[in-house]
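Residue-level listing of the chains:
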Amino acid sequence: MTVPSNLVSTASSVGQREDLEDVIYRVAPEKTPFVSMIGKGKAKARTHEWQTESLAAADATNAAVEGDDAPTLAANTTTRLKNFCQIFVKAYGVSRTQELVDLAGRSSELVRQRVIKGVEIRRDMEKRFIGNYASNDESGGSTPRRSAGLLAWITTNDSRGSGGSDGGYSGGTVSAATNGTQRTLTEALVKAALATAFNTGADVKVAFMGATHKQQFSAFTGIADIRKEVTGRGQATIIAGADVYVGDFNEIALVPHPYGLTRDIALVDPSMAAVASLDGVKTEALAKTGDSNRELMTMEATLVVRNEAAHAVVADLT
Amino acid sequence: MSEDQNEPVAETQEAAPEAAPVEKPKKGAKAKVKEAAPGEFVQMRVLKKGAGRISKGVHEGGVGDEFFSHGDLFYAPSESVDELEERGLAEAV
């Protein structure tokens, strides 16, 4: 068959409207499970401080002679800790013309930018607060102050690969832990860390980990034999994942973290950590310098690790 | 975590990880260390400050990690060598 001559078809005509969906699709890990789960507080200065205390070791030989004088006083002092409020910032701008043209998927480019940057700034904060990051104060007008992340704080209940070394709080700042030789995640590693945490008094309730470690966790023998009964002509279900690990001391929720953890599993008691905000997410219009509208988004906050011994880490995993 | 500055120098040496280079470490190999590719291992010696602070990679459940003593030799991932040296915990040998 041949097409008749002078036939008007879509291939040769002009004036067809384009078919562009009025939606913008985004696939990105947007959740902030750690920050969403821990407490919230208010910071009133750029340095936020709190105190911890501990008990003396239990003493089974504690006995006194009848009528004896009081023993030597034993003081129990508190420890004062601090972390620095970090300014998270995003700047964006849109030309005047861009706001006037007919756009697909959004009515205002400036509003779209605002929404996207809001998601990004929360992700930045999440990554900082759960990770192995040191703290530092602002200095010299060029080094911004930074909040330490959870993994850098933990020194009591930690399982590290060979050559790894704790970070931890000392002299007003927190050092990041030094990575050790990576090893394969096993249930034995997790159990050992949980036993240490339990002996310290920790009450671990949530385990945050990367996707690969979540899959390895799901293959632990404790849940490997699960079968789901198939009734009638229904299709069988393969249960390959676990959401809760029933340990010896607690039930632990398993939370995969898409971007915050790559080589460590953070075992957390959410009630013993919090975000202290000096200033929430705020958007300010910047002064006009030309034919555009620019905005600055800020968020100033720090992580409060109420007591690092309440948490644990299985570090340096492949 | 304790930091025992008076601990006697131990002569223990950790077995190299499987992926570690097989050649014998030489004196003055520091320049080589800086060029080690990520994923390789470098032999290091624990300094006084590092005693009781560098993990052996062994965690005793309910107790905690076991740590190297002053003078112990161990293999560290090449990407951690600078950090261990800057923190004064260990030196490359």
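Residues numbered from 1 in each chain as written. Chains lettered and ligands numbered in written order. Predicted model: local features only at pLDDT ≥ 70, side-chain atom pairs only at ≥ 80, totals over all residues. Heavy atoms only, no water.

### Some points on unusual backbone geometry
Residues and elements named next belong to chain A.
- Its identity is not glycine, yet Asn-6 carries a phi of approximately 65°, on the positive side.
- With respect to the helices and strands, the residue Asn-6 is situated in the segment before helix H1 (33-37).
- The residue Asp-316 is not glycine, and still its phi comes out positive at about 60°.
- Relative to the assigned elements, Asp-316 resides in the segment after strand S14 (312-314). (Helix = DSSP H or I, 4+ residues; strand = E, 2+ residues; numbered from the N terminus.)

### Structural notes on the nonpolar core
Residues and elements named next belong to chain A.
- Counting residues in hydrophobic clusters, the biggest one holds 40 residues, and the most contacted among them are Phe-34, Phe-129, Leu-150 and Phe-208.
- Contributing elements (two or more residues each) for this core: H1, strand S4 (86-95), helix H3 (109-130), helix H4 (150-153), strand S8 (206-209), strand S11 (265-268), strand S12 (273-285) and strand S13 (292-305).
- In terms of residue count, S13 provides more of this core than any other element does, six residues in total.
- Among residues more than four places away in sequence, those in contact with Leu-150 are Phe-34, Phe-129, Ile-130, Gly-131, Ala-266, Val-268, Leu-303, Val-305 and His-311.
- One finds Ala-193, Ala-207, Met-209 and Leu-267 within the second-largest nonpolar core, a separate group that totals 21 residues. (Core = buried A, V, L, I, M, F, W, Y, C linked by side-chain atoms within 4.5 Å. Buried < 20%, exposed > 50% of the residue type's maximum accessible area, 1.4 Å probe, protein only. Contact = heavy atoms within 4.5 Å.)

### Regarding the pattern of salt bridges
All names here are of chain A.
- With the rule as written, the count across this model stands at 17 salt bridges over all chains.
- Salt-bridge contacts for Glu-109 lead to Arg-106; the nearest nitrogen and oxygen are separated by 2.7 Å.
- Taking relative accessible area as the criterion, Arg-106 reaches 25% and is therefore assigned partly exposed.
- Between Lys-117 and Glu-120 there is a salt bridge, with the nearest N and O atoms lying 3.6 Å from each other. One end of the pair is Lys-117 and the other is Glu-120, both in helix H3 and three residues apart, which spans about a single turn.
- Exposure remark for Lys-117: the relative accessible area of 17% places this residue in the buried category.
- Residues joined by salt bridges that share partners form a network here, namely Lys-90, Lys-117, Glu-120 and Asp-124. (Salt bridge = Lys/Arg side-chain N within 4 Å of Asp/Glu carboxyl O.)

### Some thoughts on the side chain of Lys-90 of chain A
Residue and element names in this part refer to chain A.
- Structurally, Lys-90 can be placed in strand S4.
- Overall, the relative accessible area of 19% leaves Lys-90 in the buried class.
- Polar side-chain contacts of Lys-90 include one of 3.5 Å to the side chain of Glu-120.
- Residues within four places of Lys-90 in sequence aside, it is in contact with Lys-117, Glu-120, Ile-121, Asp-124, Glu-295, Leu-296 and Met-297. (Polar contact = N/O pair within 3.5 Å; in protein donor to acceptor, adjacent residues only side chain to side chain.)

### What to know about helix H6 (residues 211-218) of chain A
Residue and element names in this part refer to chain A.
- Every buried residue belonging to H6 is among His-213, Lys-214, Phe-217 and Ser-218, and all of these are buried. Considered in projection along H6, the buried side chains sweep an arc of 145° and stay on one side of the axis.
- In this structure, the buried residues of H6 make contact with helix H5 (187-200), S8, strand S9 (244-246), strand S10 (251-256) and S11. (Arc of directions from axis to C-beta.)

### Here we look at the environment of Lys-42 of chain A
Residue and element names in this part refer to chain A.
- For Lys-42, the position within the fold is in strand S1 (residues 39-42).
- With relative accessibility at 53%, the residue Lys-42 sits in the exposed group.
- The spatial distance from the C-alpha of Lys-42 to the C-alpha of Asn-179 is 33 Å, given a sequence separation of 137 residues.
- Setting aside residues up to four positions removed in sequence, Lys-42 forms contacts with His-48, Ala-276, Ser-277 and Leu-278.
- Among the polar contacts made by the side chain of Lys-42, one reaches the main-chain carbonyl oxygen of Leu-278 at a distance of 3.3 Å.

### Looking at the interface of chain B and chain A
- Taken together, the 25 residues of chain B in the interface contact 22 residues of chain A.
- Overall, the association of chain B and chain A removes approximately 1600 Å² of surface from exposure, summing both partners, and the carbon and sulfur fraction of that is 45%.
- Looking at the side of chain B facing chain A, the largest losses of area belong to His-59, Gly-62 and Arg-87 of chain B, adding up to 31% of the total buried there.
- Scanning the region where chain B abuts chain A turns up zero salt bridges.
- Elements supplying a minimum of two residues to the side of chain B that touches chain A: strand S2 (55-60), strand S3 (64-67), strand S4 (73-77) and helix H2 (78-86) of chain B.
- If you tally residues by element for the side of chain B that touches chain A, the top one is S2 of chain B, at five residues.
- By residue class, the composition of the side of chain B that touches chain A is eleven nonpolar, seven polar and seven charged. (Buried area = accessible area lost by both parts, 1.4 Å probe. Nonpolar A, V, L, I, M, F, W, Y, C, P; charged D, E, K, R; others polar.)

### What about the layout of surface pockets?
- Size it by volume and the largest pocket reaches roughly 1200 Å³.
- Surrounding the largest pocket, 41 residues form its lining, Thr-155, Thr-156, Asn-307, Glu-308 and Ala-309 of chain A being those nearest its centre.
- Those elements that place two or more of their residues in the lining of the largest pocket are strand S3 (79-84), strand S6 (168-170) and H5 of chain A together with S3 of chain B.
- Residues of the lining of the largest pocket, tallied by class, amount to eleven nonpolar, 20 polar and ten charged. (1 Å grid on protein atoms, 1.4 Å probe; cavity = no way out; pocket = protein on both sides within 12 Å on 5 of 7 lines; lining within 4 Å. Points joined across faces, edges and corners; volume = space filled by probe spheres on them.)

### Focus: the sheet that holds S9 of chain A
Residues and elements named next belong to chain A.
- Strand order in the open sheet formed by six strands is S5-S14-S11-S8-S10-S9, with mixed pairing between adjacent strands. Both edges of this open sheet fall to strand S5 (158-159) and S9, since each of them pairs with a single strand only.
- Direction of pairing for S9 relative to S10: antiparallel, over a ladder of three bridges. Counterpart to Val-246 in the pairing with S10 is Glu-251.
- Sheet strands in contact with H5 are S5, S9, S10, S11 and S14, and its direction is about 160° off that of S14. (Pairing = 2+ DSSP bridges. Axes fitted to C-alpha atoms, helices over the stretch in contact; angles between N-to-C directions.)

By themselves, these are just geometric observations and shouldn't be taken as functional.
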